[in-house]
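# Residue-level structure breakdown
Spelled out, the chains give:
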Amino acid sequence: MALVGSTVIASALAAKLDPFAASLVRFGVAAPVLVALCLWRRARLPALTASDWAVLVFQAAAGSLGYTVALVYGLRYASAADASVITGLMPVSTGAVAVLALGERPGARLLLAIGLAASGAILVALGKQEASGDWRLLGLTLVFAAVLGEACFALLQKRIETPIEPIMVATLMTLISLGLALAPGVWAFTRDAAALDDPRAVAAMIYYGLGPTVLGFWLWYTGASLTQGAEAAAF
């Protein structure tokens, strides 16, 4: 989650890029690294059911590609400091997914922990609010949409019936996201040949691919497989 938090800054640096072009860079960098890690660890893809594939595609669309697109778009209109207030709602959103989608019933102490995690992040961020013009509300709405997508991404792998190694789940998620981003990303590049002229933006998306995607996905799927969804939400 520390790596996920850094995506707000990476997305702010890449806010001038087309979001699908930025996503194509992110997943294009991450995919070969994860495939190589799978081969190195000799991870195997089990036979997945249709419902398993549906969960994976939904996770990729909502919380992987969707998160990147909504966050990059949102940070065109809202500042990173403003966005940090909204991303402080991540524990509550993830906890809601654990209850509504996974059927978990966290106790009072765990619910208090989730509430404190969210309120603490928001209180810190409230002191850094910055005006962002007439489109600020749209930007914050898009950031909140990204948060909801990330919450679905974070826990819905628990709905997958077939056991899959964490590194394989991370690889599948990246490959599916790359496939979803391919057509709009290529179209964005053909429409604007100078889309990658900003070296800081490109560097930010390369970091996004290697840090929050390769390492972040792997760490998250490994940790989430060993704990309850509501506990993961608090962290």
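Residues numbered from 1 in each chain as written. Predicted model: local features only at pLDDT ≥ 70, side-chain atom pairs only at ≥ 80, totals over all residues. Heavy atoms only, no water.

## Quick look at the overall build of the chain
A tally of helices and strands in the chain yields 11 helices and 0 strands. Moving toward the C terminus, one meets the helices and strands of the chain in the order α-α-α-α-α-α-α-α-α-α-α. Against the globule reference of 18 Å for 235 residues, the chain gives a C-alpha radius of gyration of 17 Å, in line with a compact fold. By principal-axis analysis of the C-alpha atoms, the chain measures approximately 45 × 40 × 25 Å. Residues classed as buried in the chain amount to 47% of the 235 residues present. If you take every contact in the chain between residues at least 6 apart in sequence, the share linking residues at least 24 apart comes to 95%. In the structure as shown, the chain presents an accessible area of about 11200 Å², 68% of it carried by carbon and sulfur atoms. (Helix = DSSP H or I, 4+ residues; strand = E, 2+ residues; numbered from the N terminus. Rg over C-alpha atoms; globule rule 2.2 N^0.38 Å. Buried < 20%, exposed > 50% of the residue type's maximum accessible area, 1.4 Å probe, protein only. Contact = heavy atoms within 4.5 Å. Areas by Shrake-Rupley, 256 points an atom, 1.4 Å probe, with all protein chains shown as cover.)

## Brief notes about the nonpolar core
Formed by 35 residues in total, the largest nonpolar core has its most connected members in Leu56, Leu155, Met173, Trp220 and Tyr221. At the level of elements, helix 3 (19-41), helix 4 (50-74), helix 6 (90-100), helix 7 (108-126), helix 8 (136-155), helix 9 (166-191), helix 10 (199-224) and helix 11 (229-234) are the ones that each hand at least two residues to this core. Apart from residues lying up to four places away in sequence, Trp220 is in contact with Met1, Ala154, Leu155, Gln157 and Ala232. With 23 residues, the next largest nonpolar core counts Leu17, Val25, Met90 and Val143 among its residues. (Core = buried A, V, L, I, M, F, W, Y, C linked by side-chain atoms within 4.5 Å.)

## Focus on the packing of helix 8 against helix 10
Two elements in contact, helix 8 and helix 10, have axes whose closest approach is 9 Å; the angle formed by their N-to-C orientations is 55 degrees. Considering their axes alone, helix 8 and helix 10 lie oblique with respect to each other. Together, Phe153, Ala154 and Leu155 of helix 8 and Phe217, Trp220, Tyr221 and Ala224 of helix 10 make up the contact between the two elements. Among the residues forming the contact of helix 8 with helix 10, the class breakdown is 7 nonpolar, no polar and no charged. (Axes fitted to C-alpha atoms, helices over the stretch in contact; angles between N-to-C directions. Parallel < 35°, antiparallel > 145°, perpendicular 65-115°, else oblique. Nonpolar A, V, L, I, M, F, W, Y, C, P; charged D, E, K, R; others polar.)

This is a description of form; function is not addressed.
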